[in-house]
Structures are given as C-alpha cells and as structure tokens.
Amino acid sequence: MTHTTGRDSVWGARAAAAVFLVLVVTVGTAACGESAPAQPSSRVERGMVSTKVSASGALAAVTTQALGFAKAAQLTEVDVKVGDTVRAGQVLAREDPFSLQQLLNQQQAQLNNQQAILDRITRGTTVGGDHNTLDQAKKILDATKDNGDAIHDRDQNAVFRARQARDFAQRQFDQAVRTYRADGCTPSISDTGATDGDSSDSSDSAESSGLFGALTGTTSCPDSVKTNLTTAKSSLLTAETSYDTAKHTLDVDDSQARISEENARQSVVSAQNALDSDSSDRGPNIAAQAALVANGRALVANAQRDLDNTVLYAPVAGTVSAITGAVGEYVSAGGGTSALAPGTDAAIPGVGAAATSDQSSASSTGAPSATRPGGSAFIVLNNISTFQVVVPFEESDAAKVAPNQKVQLTFDALPDLTRDGTVLSVAPGGVDISGVTNYYATILLTDTDPRPRSGQTAEAGVLVADLENVLVVPNSAVIRQGDRSFVNTSGPDGKPVQTPFQPGLVGDDNTQVLSGLTEGQQIQIPRAQVSPSGGGR
C-alpha cells in the first residue's frame, strides 16, 4: 500500500486517471468486437507536472560510531552481541591490561626518580654551604692578616731590642778601649781590623776597633784591662750578631706573612666563585629538572589513559551492528576512519549503488567495505531509530538535487512499502563510480517504520520540479517535431488533426500547456504509443 501526504499524494493521480480513461476506451472497443477500435483519447485538464530524478542507495543509521581500542592487545572480554541495544557508558569489551600496567609502573617510577632529583636540588645545601665556605675563608684571611701583623710587630720589637743591645755593647767596648789607653797600654803593631761602624761614637769606635785588632800584640798592659777590653769586644760581636739575626727574622717572617695572606685571599676568591656559580646555576637547574618532572607526569598520564582504554565503553546509546573479534584474539589498535555522508555523522554505506564503484574509487573516498561495516572498527554502534539513505546521483541528475526537496522511497526487500523523505544535503565534491562522476546525497526518512534495516537497498525518487493547478496533457499524447509540440484533436470527420501548442514544464507523466489548448478540450492519443496492455508511453 502506498502512503503519501499533502500535495505529494497527487504526483501520479491525475496521470493515472488519464491512462485509466485510455484503458477503458481501449477495452470497451475490444469488447464490442469492432474491426477498427476507437481512437484512445484524453482531455486537457488541470493537474500537476512533476519531475523526478532517481537513484538507488543504502539505508544507514542517522548516527554511526566505529569503535576500537587505542592499543593492540589480547581481547579478554566481549560483553555485547550484534543486535544488542546499549546505553551510553555501558562496558562493551575489555583487553588484557598487563603490558600497559607495567608500562604505567615504569613511567611512574621514572617520575618518582625525577621528582626526587628536583627535591634534592630545591632543598639542597650547596649554595648555603658556599656561603659558609666564603664566610670561613674571609675569617681565615682576617686571621692571617692579624697573625702576620702580630709576627711583624714581634720581630720589629726584637730588632729594636737587638739594636739597643748592640748599641749598649758598643758603648761598653768603647769605654774599655778608653780605659785601656788610660792605663798606658800601647799596641806593638799598627792598628788593624774594623767593626760594624754602626756606633754612635764613631771616633771612639774607630780607635777602639784599631786597638782591639792589635790587642794580641800589646805590651806593658795589666791583665785586667786586657780582659775587660776582650770581654767588651766579645759582647759587642754577640750583640751585632743578634741584631743581624733579628733583622733577618723580620724579613723572613714578613715574606711568609705576605704568602699566607695571599693564599687566604685566594681561598676567598675561590669560595666566592663557587658561590656565584652555584647561585647562577640553581635556577636553571631547578627549571630543567622541573621540565623533566612535567614530562614524566605527561608520560604517566598517557600510560594511565592507555590503561583505562583497555575497557571499551559505549560513547552513546545505540544498537550494535557489527563486532569484529572474539575473546582470546589479538585486536589491533583502531586507526581507521569513515567517510561521512553529507550533512550527517553517519558513514557512507558500502552497499547498494555505492557497491558498484571501482576499487580505486572506494579507496579515494574512504568508504567502508560492504563486507565489514565500519572498516577496521572492532564494534560498530548505530542509532537505528531514524534512517537515512545515502544515494549517489550522476552529475546531470545531481545538478537538480538540492536540500529540502521531497523524496519518495521504495525498498527492494519490501516491495509493498513506500516512504517519504527529504533531501538533507548534497556533497560538494564528486566521486568516480564505474567511470562516472557521482555526487552523494543524504536523504532523511520522514516516516518511521520497524521493517527497514540498515544496509537495505532503497530507490529514491527526488522531486526536483513541480507545478500544481496548471493545464496539462499526458506525455503520451504529445507529438514533438523539432522544437514544436502538437497533440491530435478530432477533426470534423472524426479523423485526428495535429494541433500545435506551447509546452511549459515537461514532467515524468504530464506536460504543461502554456497556450494553444483549452481546458476540457478532448485530445487523441496516438495508437503507436499504446502498449498491448493499455499502458502509457
């Protein structure tokens, strides 16, 4: 039974009436047994002119989800069967998570290690230790300076005391020389020898030195005077030696103090350099290690996501239309994509008219295989509450198809079912199907029915042009000669007379009359266009 609504219900009604009139006239004439049956006829009347383009396609759910696992693994659980209706969030299947769990553990361990290094750098005492080392080096430098100053002062005092002792010894010696001369002691040989000359009494010193140098040769001199002079000279020599030693010690200790101070100063410089280096490196080191920690967290997050994805959930509610895999088998990672029908989220079916496309064409369009819905998907989930038809139209017909046009659909598997639809969208780009450029159009069914199934072949007739309440004549009555159109009307003698008229829109069944004919005028249908069964054209 045909179901139509609105003005679409009269698409073929008037044409059918005209053909029925022809059939009645033909059958009646045959029943009378006349040797020359009456000419079949019709009338010029008001009706509808419509033009359709038709093509076959396949039913598809309005939405299609091709589901798969993110990583390849062994399938351990399948919780649904083909035909099951599932809810959003329902568990569909599971993979073996062992290897992915181990990978997560490894990534977590590496993250913990990087975090520990970051904590050590952040909480480290290197810079603090450098500060302490620098402070200590400065203290040692100050102590070294103080020690050098103290030794210098000590040696300086020793030199001062030695000088005083030498000067005293010199005076004692000079006094002994004067005593020696006063007692009438004279040398037997001329003066020889010399002393340091650092005495304040240079004349006496020179004289006493000369005397001392010739002391062994004196005569007529008391022993006590000679002894005093000898003792004074010995004391002077000892004092001069002590003085020289004190000056030498001062020089040596000053040199050593300068070396110690420079060494202490070098320690301060080294400690300062270490502090500057560690202080300047601390920030970048922390930043670099923090980056490694962030990278580790990202790896852990990815590993966790992969582990979570070993459980496959239904993203939306729908019906399971395909499952490719059984428990124990190794399923590959889902990497395929589906070519979507124009204007919807459903894939272009690989059956019906689309199945005639060349292999190269199918590859270029990305259309899923007819034998495996969803391409490489493990599970295909459909929303079958509403269907659509994805139809490839040849380019000449596709140029006439536009969104919102009315469509009438019939089904090869359901010959008694006719449903209305609407053009949803037309693909802007063409595909090669058997060497002919075609454009996919998506047609949405506006009527629901429980009998259609996804993948069934449907014939879609798109109403691309129509006029209502215009004068029309059946196409079977129109005679065309070049660019002129005629119909046969009855002459005075009953014979057909060609009457020209100006046609308008030429539809599938009727032709619009613009002028030349009047409403109700009777016309004849040429016998050559009547089939033995009485059908039109």
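Data block above holds the structure.
Residues numbered from 1 in each chain as written. Predicted model: local features only at pLDDT ≥ 70, side-chain atom pairs only at ≥ 80, totals over all residues. Heavy atoms only, no water.

Turning next to the overall build of the chain. Helices and strands together make up the secondary structure of the chain, namely seven helices and 19 strands. Within the chain, the fraction of its 537 residues that count as buried is 36%. Within the chain, contacts between residues at least 6 apart in sequence are counted, and of these 79% link residues at least 24 apart. (Helix = DSSP H or I, 4+ residues; strand = E, 2+ residues; numbered from the N terminus. Buried < 20%, exposed > 50% of the residue type's maximum accessible area, 1.4 Å probe, protein only. Contact = heavy atoms within 4.5 Å.)

According to the stated counting rule, one finds nine salt bridges in the structure shown. With its nearest N and O atoms 3.9 Å apart, the salt bridge here joins Asp-84 to Lys-81. With a relative accessible area of 24%, Asp-84 lands in the partly exposed category. Notably, a salt bridge pairs Asp-155 with Arg-154, separated by 3.2 Å at the nearest N-O pair. With a relative accessible area of 3%, Asp-155 lands in the buried category. Accessibility expressed as a relative area gives 46% for Arg-154, which makes it partly exposed. In the salt-bridge network here, residues are joined through shared partners; they are Arg-154, Asp-155 and Asp-253. (Salt bridge = Lys/Arg side-chain N within 4 Å of Asp/Glu carboxyl O.)

Attention now goes to the sheet that holds strand 6 (residues 311-313). Ordered in space as 6-5-3-8, the four strands form an open sheet in which the pairing is antiparallel. Of all the strands in the sheet, the pair left with one neighbour each is strand 6 and strand 8 (330-331). (Pairing = 2+ DSSP bridges.)

What follows concerns the packing of helix 2 (residues 98-123) against helix 5 (residues 223-308). The contact between helix 2 and helix 5 brings their axes to 8 Å, and the two run at 165 degrees. Here helix 5 runs roughly antiparallel to helix 2, going by the angle between their axes. Regarding helix 2 and helix 5, the two cross each other, and that crossing is left-handed. (Axes fitted to C-alpha atoms, helices over the stretch in contact; angles between N-to-C directions. Parallel < 35°, antiparallel > 145°, perpendicular 65-115°, else oblique. Left-handed = near helix turned anticlockwise from the far one by under 90°.)

This part covers a negative patch on the surface. Judged by side-chain charge, Asp-142, Asp-146, Asp-149 and Asp-153 come together as a negatively charged surface patch. Summarising the element assignment, Asp-153 is placed in helix 3 (residues 126-182). (Patch = residues over 30% accessible without salt bridge, like charges linked within 9 Å, V, L, I, M, F, W, Y side chains within 5 Å. Areas by Shrake-Rupley, 256 points an atom, 1.4 Å probe, with all protein chains shown as cover. Lys, Arg positive; Asp, Glu negative; His and termini not counted. Charge placed at Lys NZ, Arg CZ, Asp CG, Glu CD.)

Across its 57 residues, helix 3 extends 83 Å between first and last C-alpha, which sits within 8% of the 84 Å expected from 1.5 Å per residue. Just downstream of helix 3 lies Gly-184, where phi reads positive at about 80 degrees. (Expected span 1.5 Å × (residues − 1).)

Turning next to the environment of Arg-181. Along the chain, Arg-181 turns up in helix 3. By relative accessible area, which is 32% here, Arg-181 ends up partly exposed. A C-alpha to C-alpha distance of 9.4 Å links Arg-181 and Cys-221, two positions 40 residues apart in sequence.

Attention shifts here to the nonpolar core. Counting residues in each nonpolar core, the largest one holds 22 residues, and the members touching the most others are Val-389, Phe-393, Leu-409, Phe-411, Ile-443 and Val-462. If near-sequence neighbours (up to four positions away) are discounted, Phe-393 is found in contact with Val-53, Ser-54, Ala-55, Ala-398, Val-401, Thr-437, Asn-438, Tyr-439, Ala-441 and Val-462. In terms of nonpolar packing, the next biggest core, distinct from the first, is built from 14 residues, Phe-69, Leu-312, Val-331 and Phe-378 among them. (Core = buried A, V, L, I, M, F, W, Y, C linked by side-chain atoms within 4.5 Å.)

What follows concerns the pairing of strand 16 (residues 484-490). Within strand 16, five of the seven residues are buried, which leaves it mostly tucked inside the rest of the structure. Of the strand pairs in this sheet, strand 15 (residues 479-481) and strand 16 are connected by three bridges, and their pairing is antiparallel. Across the sheet, residue Ile-479 finds its bridge partner in strand 16, namely Phe-486. Here strand 15 folds back onto strand 16 in antiparallel fashion, the turn holding two residues, of which Gly-482 has a positive phi close to 65 degrees. Between the end of strand 16 and the start of strand 17 (residues 496-506), which pair antiparallel, lie five residues, with Gly-494 showing a positive phi angle near 85 degrees.

Another point: the packing of aromatic side chains. Considering all chains together, one arrives at one aromatic pair under this definition. Between Phe-69 and Phe-378 the ring centres are 5.5 Å apart and the planes differ by 35 degrees, which places this aromatic pair in the tilted class. With a gap of 309 residues between them, Phe-69 in the loop between strand 2 (45-67) and strand 3 (73-78) and Phe-378 in the loop between helix 6 (359-365) and strand 9 (379-394) connect regions that are remote in the sequence. Phe-378 shares its class with Phe-69; the two are buried. Across the ring face of Tyr-243, the terminal group of Arg-166 is positioned such that the distance to the ring centre comes to 4.7 Å. It is Lys-233 that lies over the ring of Phe-173; its NZ or CZ is 4.9 Å from the centre. (Phe/Tyr/Trp six-rings, centres within 6.5 Å; stacked < 30°, edge-to-face > 60°. Lys NZ or Arg CZ within 6 Å of the ring centre and 35° of its normal.)

What follows concerns the environment of Val-472. Structurally, Val-472 is set in strand 14 (residues 457-474). Linking Val-472 and Glu-45, residues 427 residues apart in sequence, is a C-alpha distance of 5.8 Å.

Below, the discussion takes up the pairing of strand 11 (residues 414-426). Direction of pairing for strand 10 (residues 406-411) relative to strand 11: antiparallel, over a ladder of six bridges. In the sheet register, Gln-408 faces strand 11, and the bridge partner there is Asp-420. Adjacent in sequence and paired antiparallel, strand 10 and strand 11 are bridged by two residues. Relative to strand 13 (residues 436-445), strand 11 is paired through five bridges, and the arrangement is antiparallel. Looking at the pairing, Ser-425 lines up with Thr-442 of strand 13.

With that settled, consider the packing of helix 3 against helix 5. Contact pair helix 3 / helix 5: the axes reach a minimum separation of 7 Å and the direction vectors enclose 170 degrees. Classified by the angle between their axes, helix 3 and helix 5 sit roughly antiparallel to one another. The residue inventory of the contact of helix 3 with helix 5, partitioned by class, reads 29 nonpolar, 18 polar and 17 charged. (Nonpolar A, V, L, I, M, F, W, Y, C, P; charged D, E, K, R; others polar.)

Okay, helix 5 next. Between its terminal C-alpha atoms helix 5 stretches 122 Å, which fits the 128 Å expected from 86 residues at 1.5 Å a residue. For helix 5, the principal kink sits at Arg-282 and spans about 35 degrees; a proline, Pro-284, occurs within the next four residues. (Bend = angle between axes of the 7 residues up to and from the residue.)

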